[in-house]
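Geometric and topological summary
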Amino acid sequence: MILSVNLIICAAILALLLPYQALSDSQPMCSVIQGLPGLNGRDGANGQKGEIGSPGQTGVKGEQGSIGAPGKVGPAGPKGYQGYKGDTGVKGDKGEKGDQDITTPEKIATLENKITSLETSLSMLKNIVLFQMAQTANGKKMYTVTWREENYAKAQAICETYGGTLPSIRNSEENSILHTVVKMVPHRKIFLGINDIKTEGTFMYQDGEVIKYKNWEPQGKEPNGGRRENCVEMRDHGKWIDISCDNINQVVCEFQFP
């Protein structure tokens, strides 16, 4: 501001002295004196927004933060598989001897009486069964006649229902006793618990054991039915023949004593 004022004053003086300058060879009487710097001007208006710069380089990975507080407990998971059985624990100390039960002799006597009663009842039932058309073999087997007539499969099922099976003859004595039973039934023929259903020509008992004792009729001609006749029956002369399993016969069951 001061510099501007000085310039204006100097310019005015020069204008007054300019006519005389031509007559004089001397230097101008007015000289320019540099003034002090002026005051700072006002800030200009904001410029336009520049374009977005390119992304800077990835900074260094920061340090891991501290562990946060535990979250809310979730629902229970599914039941796991049963673990392996653990090792057997150490055997415990022997317990103290208990007081003797003064009623033990009385209890033993009561049990003995019950056993005797059961044996008597069992013997009576056995005699009743024998009286009603049954025979025993070696005191171990009982052959009981029913009044039902069925094919082979149904006859076996009936015997199994009552804990028995179709007769499985294993020696000549059993064959002789069963022969007596056969002569008691109306049609004089019964199924034996023997067949070759599984393997043609190989006759087996119901438990799968191959038969050893045989009493076919007559020797050399039976069995002769092939695939058509896979079951066995005994007739009134005590001999065996192979027949169709669909035939109908009187049902006779075999029961074994313990």
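Placed above this text is the structure.
Given the structure is predicted, the values throughout are model-derived calculations rather than measurements. (Residues numbered from 1 in each chain as written. Predicted model: local features only at pLDDT ≥ 70, side-chain atom pairs only at ≥ 80, totals over all residues. Heavy atoms only, no water.)

Some thoughts on the overall build of the chain
Within the chain, the regular secondary structure consists of 4 helices and 7 strands. Every one of the 258 residues in the chain was classed for burial, and the buried ones make up 24%. As displayed, the chain has an accessible area near 20800 Å², and 56% of this comes from carbon and sulfur atoms. (Helix = DSSP H or I, 4+ residues; strand = E, 2+ residues; numbered from the N terminus. Buried < 20%, exposed > 50% of the residue type's maximum accessible area, 1.4 Å probe, protein only. Areas by Shrake-Rupley, 256 points an atom, 1.4 Å probe, with all protein chains shown as cover.)

Side note on the pairing of strand 5 (residues 231-235)
In terms of residue burial, strand 5 counts as a mostly covered element, since 4 of its 5 residues are buried. The sheet contact formed by strand 3 (residues 189-195) and strand 5 spans 4 bridges and is antiparallel. Within the sheet, the bridge partner assigned to F191 lies in strand 5 and is E233. With 4 bridges joining them, strand 5 and strand 6 (residues 240-243) adopt antiparallel strand pairing. Bridged to V232 within strand 6 is D242. Hairpin connection, strand 5 to strand 6: the antiparallel pair is bridged by 4 residues, and G238 has positive phi, about 85°. (Pairing = 2+ DSSP bridges.)

Regarding the environment of I158
Its location among the elements puts I158 in helix 3 (residues 152-161). Owing to a relative accessible area of 10%, I158 belongs among the buried residues under this scheme. For the pair I158 and R148, spaced 10 residues apart in sequence, the C-alpha to C-alpha distance is 9.4 Å. Look past the residues within four positions of I158 in its chain and what remains in contact with it is R148, E150 and V251. (Contact = heavy atoms within 4.5 Å.)

Points about the nonpolar core
L178, L192, I194, M234, W240 and V252 are the most contacted members of the largest nonpolar core, which totals 20 residues. At the level of secondary structure, the elements contributing two or more residues to this core comprise strand 2 (141-150), helix 4 (172-182), strand 3 and strand 5. Looking at this core element by element, the count peaks at 4 residues for helix 4. Not counting the four nearest positions on each side in its chain, L192 is found in contact with Y152, L166, P167, I169, L178, V232, E233, M234 and W240. (Core = buried A, V, L, I, M, F, W, Y, C linked by side-chain atoms within 4.5 Å.)

Some thoughts on the packing of aromatic side chains
Scanning all chains against the criterion turns up 4 aromatic pairs. Taking 5.9 Å as the distance between ring centres and 75° as the angle between the ring planes, the aromatic pair formed by Y213 and W240 counts as edge-to-face. With a gap of 27 residues between them, Y213 in the loop between strand 4 (204-205) and strand 5 and W240 in strand 6 connect regions that are remote in the sequence. Site record: aromatic cluster; members linked through ring pairs are F203, Y213, W216 and W240. A cation over a ring is seen here: R170 above Y205, with NZ or CZ 4.0 Å from the ring centre. (Phe/Tyr/Trp six-rings, centres within 6.5 Å; stacked < 30°, edge-to-face > 60°. Lys NZ or Arg CZ within 6 Å of the ring centre and 35° of its normal.)

Notes on the side chain of E233
Along the polypeptide, E233 turns up in strand 5. Here R235 takes part through its side chain, which lies 2.7 Å from a polar atom of the side chain of E233. Separated by 2.8 Å, the side chains of E233 and N249 make a polar contact. Beyond its immediate chain neighbours, meaning those up to four positions away, E233 contacts K189, I190, F191, L192, K239, W240, I241, I243 and N249. (Polar contact = N/O pair within 3.5 Å; in protein donor to acceptor, adjacent residues only side chain to side chain.)

Regarding the state of the cysteines
Counted by the stated rule, this structure contains 2 disulfides. Note on cysteine connectivity: C159 is disulfide-linked to C253, with sulfurs 2.1 Å apart. Between C159 and C253 the sulfur-sulfur dihedral comes to about -85°; the bridge is accordingly left-handed. Of this pair, C159 sits in helix 3 while C253 sits in strand 7 (residues 249-256), and the two are 94 residues apart along the sequence. The same class applies to C159 as to C253, namely buried. Between the sulfur atoms of C231 and its disulfide partner C245 the distance amounts to 1.9 Å. Given an S-S torsion of about 95°, the disulfide between C231 and C245 has right-handed geometry. Taken together, the residues C231 in strand 5 and C245 in the loop between strand 6 and strand 7 connect sequence positions 14 residues apart. For the pair C231 and C245, a shared accessibility class is recorded, and that class is buried. In the chain, the bonded cysteines, numbered by position in the sequence, are linked as 1-4, 2-3. (Disulfide = S-S within 2.5 Å.)

Considerations on unusual backbone geometry
A cis amide bond links E222 to the next residue, P223, at an omega of 0°. Looking at the secondary structure, you find P223 in the loop between strand 4 and strand 5. The backbone of R188 sits at a positive phi, close to 55°, despite the residue not being glycine. With respect to the secondary-structure elements, R188 resides in the loop between helix 4 and strand 3.

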